[in-house]
Amino acid sequence: MFDYKPDASLDTPERYRQLCGAADALTQSESDAVANMANVAALIWEFVPDLNWAGFYRIGENADGAEELVLGPFVGRPACIRIPIGAGVCGAAVSEAKTQLVEDVHAFPGHIACDAASRSEVVVPVIRDGKVIAVIDLDSPEPARFTQEDAEGVERLAALLSARI
Ligand code: SME
């Protein structure tokens, strides 16, 4: 059994340090990408408060062979399955290869509302060999829930996972 309940009093950097430690321990000797993403989505849910969605989209292909994001393991309500590169917050994280920290999703041009309760969002690209292979997406029902410290914590998680998903 894995028992990774974080202490409620942790500050944000320490919370992400412990989350990354748990993610490292759970994924380091497992080669199955789906298993690793599933466990990490569950860990994010345990460690990061005030979320309504946490999970992965991976680069896949549409019927014409063009790249697009395809839903991966997550915790939360059922979500949009496919997102074109450049569309919404997730698609922007891929086309810009850059973290998107969105305080108000309603103000983000093209935001894709998978859960109407979402108010703020952070999306971090997972980069392997210089190419975006996936994104990690965290949504919150609270406006401006995520800070630069959250973005940096999720970026560390993405770096840790880049060869494991
Ligand atoms: N809001 C995202 C779509 C994914 S869901 O939030 C799970 C976006 O605009 O790309």
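These numbers come from a predicted model, not from an experiment.

### Side note on the environment of Asp32
And step 1. Here Asp32 shows up in the loop between helix 1 (12-27) and helix 2 (33-47).
And step 2. By relative accessible area, which is 39% here, Asp32 ends up partly exposed.
And step 3. For the pair formed by Asp32 and Ile165, sequence separation is 133 residues and the distance between their alpha carbons is 7.2 Å.

### Considering empty space enclosed by the protein
And step 1. Using the criterion set out here, one finds one cavity of 30 Å³ or more in the structure.
And step 2. In this structure, the largest cavity encloses a volume near 160 Å³.
And step 3. Along the walls of the largest cavity sit 18 residues, with Ile112, Cys114, Glu121, Asp137 and Asp139 positioned nearest its centre.
And step 4. Breaking the lining of the largest cavity down by element, the ones donating at least two residues are strand 1 (53-61), helix 3 (88-95) and strand 6 (131-140).

### Some remarks on helix 2
Helical geometry: 3.6 residues make up each α-helical turn, so side chains three or four residues apart lie on a common side.
And step 1. Under the 1.5 Å per step criterion, the end-to-end length of helix 2 is 21 Å for 15 residues, consistent within 8% with the ideal 21 Å.
And step 2. Buried within helix 2 we find Ala33, Asn36, Met37, Val40, Ala41, Leu43, Ile44 and Phe47. Across the axial projection of helix 2, the buried residues extend over an arc of 165°, all falling on one side.
And step 3. Packed against the buried residues of helix 2 are helix 1, strand 1, strand 2 (67-76), strand 6 and helix 4 (148-161).
And step 4. By the N-cap criterion, in which a side-chain oxygen at the helix start approaches the backbone nitrogen of a residue two or three places on, helix 2 is capped by Asp32, the distance to Val34 being 3.1 Å.

### With respect to the environment of Thr12
And step 1. As for its position among the elements, Thr12 is in helix 1.
And step 2. Spatially, the C-alpha atoms of Thr12 and Leu160 are 18 Å apart, while their sequence positions differ by 148 residues.
And step 3. For Thr12, the residues in contact, after removing those within four places along its chain, are Glu149 and Asp150.

Thresholds, definitions, all that
Residues numbered from 1 in each chain as written. Predicted model: local features only at pLDDT ≥ 70, side-chain atom pairs only at ≥ 80, totals over all residues. Heavy atoms only, no water. Helix = DSSP H or I, 4+ residues; strand = E, 2+ residues; numbered from the N terminus. Buried < 20%, exposed > 50% of the residue type's maximum accessible area, 1.4 Å probe, protein only. 1 Å grid on protein atoms, 1.4 Å probe; cavity = no way out; pocket = protein on both sides within 12 Å on 5 of 7 lines; lining within 4 Å. Points joined across faces, edges and corners; volume = space filled by probe spheres on them. Expected span 1.5 Å × (residues − 1). Arc of directions from axis to C-beta. Contact = heavy atoms within 4.5 Å. Polar contact = N/O pair within 3.5 Å; in protein donor to acceptor, adjacent residues only side chain to side chain.

Honestly, that's just the spatial picture; any functional story needs more than this.
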